[in-house]
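Architecture and fold: a report
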Amino acid sequence: MHALSRPLIVGVTGIVGHALAERLTVRGGHVLGLSRRSSSTVREVEGLHADLTDPAALREAIAGTRPTSVFLTAWARQDSEEENIRVNGGMVRDVLAAAGAEGTVQHVALMTGLKHYLGPFEAYGQGDMPETPFVETEPRLDHPNFYYAQEDELFAAAAEHRFSWSVHRAHTVVGYAVGNAMNIASTLAAYAALCRETGRPFTFPGSQQQWDGLTDMTDAGQAAEHMIWATGSPAAHDQAHNVVNGDVFRWRWMWPRLAELLGVKAEGFDGTVRPLEEQTADMDDVWARIAEREHLVESDLGRVASFWHTDGDLGRDIECLTDMSRSRLAGFTGYVRTLDAFAAVFDRLAADRIVPHVR
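Below you will find a few notes about this structure. What you see is a predicted model, and the numbers here were worked out from it, not measured in a lab. (Residues numbered from 1 in each chain as written. Predicted model: local features only at pLDDT ≥ 70, side-chain atom pairs only at ≥ 80, totals over all residues. Heavy atoms only, no water.)

**Some details on the nonpolar core**
Worth spelling out the cut-off: In this description, a nonpolar core means a group of buried Ala, Val, Leu, Ile, Met, Phe, Trp, Tyr and Cys residues linked to one another through side-chain atoms lying within 4.5 Å. Buried residues are those whose accessible area, probed at 1.4 Å on protein chains only, stays under 20% of the maximum for their type, while exposed residues exceed 50% and partly exposed ones sit between those limits. Only DSSP runs of H or I reaching four residues or more are called helices, and only runs of E reaching two or more are called strands; each is numbered from the N terminus.
Ranked by size, the top nonpolar core spans 47 residues in total, and within it Phe202, Trp251, Trp255, Trp287 and Phe342 carry the most contacts. Mapped onto this core, the elements with two or more residues apiece are helix 6 (184-198), helix 9 (251-262), helix 11 (284-294), helix 12 (301-304), helix 13 (307-314) and helix 15 (338-351). Ranked by residues supplied to this core, first place goes to helix 6 with 10 residues. Core analysis: the next-biggest nonpolar cluster, separate from the first, contains 29 residues, Leu48, Leu72, Met91 and Val105 among them.

**Points about helix 13**
Threshold: Contacts are residue-level and defined by heavy atoms, with any inter-residue pair within 4.5 Å sufficient.
The element helix 13 is extensively covered by neighbouring structure, given that 6 of its 8 residues are classed as buried. All of the buried residues in helix 13 are Phe307, His309, Thr310, Asp311, Asp313 and Leu314. Contacts made by the buried residues of helix 13 are with helix 6, helix 7 (208-212), helix 9, helix 10 (276-279) and helix 12.

**Considerations on the packing of helix 6 against helix 9**
The condition that has to hold: Every axis in this analysis is a line fitted to C-alpha atoms, fitted for helices over the stretch in contact. Angles between the N-to-C directions lie between 0 and 180 degrees. Orientation categories follow fixed angle ranges, with anything under 35 degrees roughly parallel, anything over 145 roughly antiparallel, 65 to 115 roughly perpendicular, and all other angles oblique. Throughout, a crossing is termed right-handed when the near helix is turned clockwise from the far one, and left-handed when it is turned anticlockwise from it by less than a right angle. Amino acids are sorted into nonpolar (Ala, Val, Leu, Ile, Met, Phe, Trp, Tyr, Cys and Pro), charged (Asp, Glu, Lys and Arg) and polar (every other residue, Gly among them).
Put simply, helix 6 and helix 9 touch, their axes get as near as 10 Å, and they point 60° apart. With respect to helix 9, the axis of helix 6 lies oblique. The crossing of helix 6 and helix 9 is right-handed. Seen from helix 6, the contacting residues are Ile184, Leu188, Ala189, Tyr191, Ala192 and Arg196; seen from helix 9, they are Trp251, Trp255, Leu258 and Leu262. Here the contact of helix 6 with helix 9 is composed, by residue class, of 9 nonpolar, no polar and 1 charged.

**Some details on the pairing of strand 2 (residues 32-35)**
To keep it simple, the criterion reads: Here, any two strands with at least 2 DSSP bridges between them count as paired. With the strands aimed away from the viewer, a crossover counts as right-handed if its path from the first strand over the helix to the second runs clockwise.
Side-chain alternation along strand 2 places Leu32 and Leu34 on one buried face and Gly33 and Ser35 on a second face that is also buried. Pairing of strand 1 (residues 7-10) with strand 2 involves 3 bridges; the strand directions are parallel. Bridging across to strand 2, isoleucine 9 finds its partner in glycine 33. Taking the sense of rotation as the criterion, the β-α-β connection linking strand 1, helix 1 (residues 15-24) and strand 2 turns out right-handed. Relative to strand 3 (residues 46-49), strand 2 runs parallel, the two sharing 4 bridges. The residue bridging leucine 32 from the neighbouring strand is glutamate 46, located in strand 3.

**So, the packing of helix 3 (residues 81-100) against helix 5 (residues 146-161)**
The relative placement of two packed helices is expressed as an angle between their axes plus a distance between the axes. At a minimum axis separation of 8 Å, helix 3 and helix 5 run at an interaxial angle of 20°. By the criterion of interaxial angle, the relationship of helix 3 to helix 5 is roughly parallel. Crossing of helix 3 against helix 5: the hand is right-handed. Contacts from Glu81, Asn84, Ile85, Asn88, Gly89, Val92, Arg93, Leu96, Ala97 and Gly100 of helix 3 reach helix 5 at Phe146, Ala149, Gln150, Glu153, Leu154, Ala157 and His161. Grouping the constituent residues of the contact of helix 3 with helix 5 by class yields 8 nonpolar, 6 polar and 3 charged.

**Let's talk about the pairing of strand 6 (residues 164-170)**
Summarising burial for strand 6: 7 of the 7 residues are buried, a large majority. Of the two faces of strand 6, the one lined by Ser164, Ser166, His168 and Ala170 and the one lined by Trp165, Val167 and Arg169 are each fully buried.

**Regarding the pattern of salt bridges**
Applicable threshold: By definition here, a salt bridge exists when the distance from a side-chain nitrogen of Lys or Arg to a carboxyl oxygen of Asp or Glu is within 4 Å.
Scanning all chains against the criterion turns up 20 salt bridges. Glutamate 83 serves as the salt-bridge partner of arginine 86, at 2.7 Å between the closest nitrogen and oxygen. On the criterion of helical spacing, the pair formed by arginine 86 and glutamate 83 is a turn pair, its members being 3 residues apart in helix 3. Among the residues examined, arginine 86 registers a relative accessible area of 52% and is labelled exposed.

**Re the environment of glutamate 131**
Of note, glutamate 131 is situated in the loop between helix 4 (115-118) and helix 5. Glutamate 131 sits 120 residues away from tryptophan 251 along the chain, and the two C-alpha atoms are 21 Å apart.

Structure follows, in structure tokens:
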């Protein structure tokens, strides 16, 4: 059987998991989607349900499904990096123990991110940092990091169950999902709606470095295509790969263009960092009012916007730029213009009544 004939997506309702489901179901395979409670909105996906921190539940959910590949896109944020390592490393270990026991897995693709180079939440951007653009051959940082723990569990399972693997290090992901802990597109769309409602300008929340410096991002569809490509490409096996869109931009260029798409007046960096968490404090009732009037499907602002994560991205005082030469030389040709990625997600969020239409 081909590696993509019975793929298992772990975290199928997340940003990259959803993009994988949309792409894998049109390839003719039998797609399995594992999540804790809710099912994929892609109807062709066979839903599996288990708490990813419960090894027995995972074994029960996966038993008899005979997956030929596994796409690991889920993680659970904890209160400390020690807990992040325990919980998220454990999820990779337990999922792969259950899937590997089926004896059918040929390849596992693990989604991680640039905290591999930047450090974990507790030591983000501290100490000696690698030069940009980040390349996959950089040694690990000295700080404990749950991405490293996940990789180590992947390597151990690959040796035990004899499957190939790939690691996919994405930058900030632009994609479609609700209730996701790291969703910049829906966060900015919700922020814009709050600005329209209250008459405030769409104020850039971040740092001078992010406003003026070059950066890049990762479209969820690009990440999904990258993982699918690596699964079916021996030249990509048993390696880590950066995955970004292929373009670079400055936020001082991007911000007014996003404001135009979202129907608000842009206000750029004025020398003061203005975090979104502060700008939107006590706005839950404002969002609830918007949701009721506009007949939105989600009245809980916390399920639409992850202000803390967008503040982390846009408030950094370090350059974040990613090299994709390894994937390009191995044959991956995907390219997405980041502005187009934002526009497509904004349109979809409005069409599905997750954020208001721009009038």
